[in-house]
Amino acid sequence: MSEHLNCGEMLYGLSDYIDGEAKQAICDAIEAHMAECPDCRVMVDTLRKTIHLYRQQDSQRELPEDVRARLFYSLDMNEWLDRSSPRTDLA
């Protein structure tokens with residue numbers, strides 16, 4: 001990974017970065033990019049918060065099917081949703 005990442009290149013190492021599993025060089029490159037890119041900084045912060053909220057969720061609770069469908073639809077995960085459960089009315 002190059003020292004000066006563009007927004008698209010940053011995404012390749014983002015999962016490991018968020019999980020604390022990325023190599024130091026990748027962390028440094030992502031942090032350098034975020035220092036200069038407010039959009040990516042907001043995106044990473046939002047992703048961290050989303051992961052934190054998900055992990056706090058009671059493991060016994062599940063999202064209602066209509067909420068789950070709208071969430072996956074808005075995240076553009078339609079293909080995964082189509083494979084994992086019957087399609088619900090998203091309107």
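Here the residue index of a chain counts from 1 through its sequence in written order. With the structure being a predicted model, the display of local features is reserved for residues of pLDDT at least 70 and the display and counting of side-chain atom pairs for 80 or more, all residues being used for whole-chain, interface and lining totals. Where side-chain values are given, they derive from all heavy atoms of the structure, hydrogens and water being excluded.

(A) The environment of Gly8, seen in detail. In this description a helix means any DSSP run of H or I spanning at least four residues, a strand means any run of E spanning at least two, and both kinds are numbered starting from the N terminus. Topologically, Gly8 is positioned in helix H1 (residues 7-12). On a C-alpha basis, the gap between Gly8 and Cys40 in space is 9.8 Å, while along the polypeptide they are 32 residues apart.

(B) Geometry of a nonpolar patch on the surface. Patch membership requires more than 30% relative accessible area and the absence of a salt bridge. Residues of like charge join within 9 Å; the nonpolar side chains Val, Leu, Ile, Met, Phe, Trp and Tyr join within 5 Å. Throughout, the Shrake-Rupley method with a 1.4 Å probe supplies accessible areas, and for residues the shown protein chains are the sole cover considered. One side-chain nitrogen of Lys or Arg within 4 Å of one carboxyl oxygen of Asp or Glu is enough to make a salt bridge. Together, Leu63, Leu71 and Leu75 make up a nonpolar patch on the protein surface, roughly 250 Å² of accessible area in all. Relative to the assigned elements, Leu71 resides in helix H5 (residues 65-74).

(C) Inspection of the pattern of salt bridges at higher detail. Under the criterion given, the structure shown has two salt bridges. With a shortest N-O distance of 3.3 Å, Arg70 and Asp66 are connected by a salt bridge. Of the two residues, Arg70 and Asp66 are both situated in helix H5; the distance of four residues between them amounts to about one turn of the helix. Since its relative accessible area comes to 42%, Arg70 is described here as partly exposed. Residue class for Asp66 comes out partly exposed when judged on its relative accessible area of 40%. Between buried and exposed lies partly exposed: a residue is buried under 20% and exposed over 50% of the maximum accessible area for its type, with that area taken using a 1.4 Å probe on protein chains only.

(D) Summary view of the state of the cysteines. Our working definition of a disulfide is a cysteine sulfur pair at a distance within 2.5 Å. In this structure the tally under the stated criterion is zero disulfides. Sulfur of Cys40: no disulfide; nearest cysteine sulfur belongs to Cys7 and is 3.5 Å away. Note on Cys40: relative accessible area 6%, which makes it buried.

(E) Geometry of the nonpolar core. Met10, Leu14, Tyr17, Ile30, Met34 and Val44 are the most contacted members of the largest nonpolar core, which has 13 residues in total. Looking at this core, the elements with two or more residues in it are helix H2 (14-19), helix H3 (24-36) and helix H4 (38-56). If one sorts the elements of this core by residue count, H3 sits on top with four residues. Throughout, a residue-residue contact means that at least one pair of heavy atoms, one from each residue, lies within 4.5 Å. Once residues within four sequence positions are removed from consideration, Val44 is found in contact with Met10, Leu14, Tyr17, Ile18 and Met34. What we call a nonpolar core is a set of buried Ala, Val, Leu, Ile, Met, Phe, Trp, Tyr and Cys residues that are connected through their side-chain atoms within 4.5 Å.

(F) Representation of the side chain of His33 in the model. Residue placement: His33 occurs in helix H3. Accessibility expressed as a relative area gives 10% for His33, which makes it buried. Two N or O atoms form a polar contact when they lie within 3.5 Å of each other; inside protein one atom must be a possible hydrogen donor and the other a possible acceptor, and for residues adjacent in sequence the pair counts only when both atoms belong to side chains. A polar contact of 2.8 Å, which involves the side chain of His33, links it to the backbone oxygen of Leu5.

The values reported here are purely geometric and, on their own, carry no functional implication.
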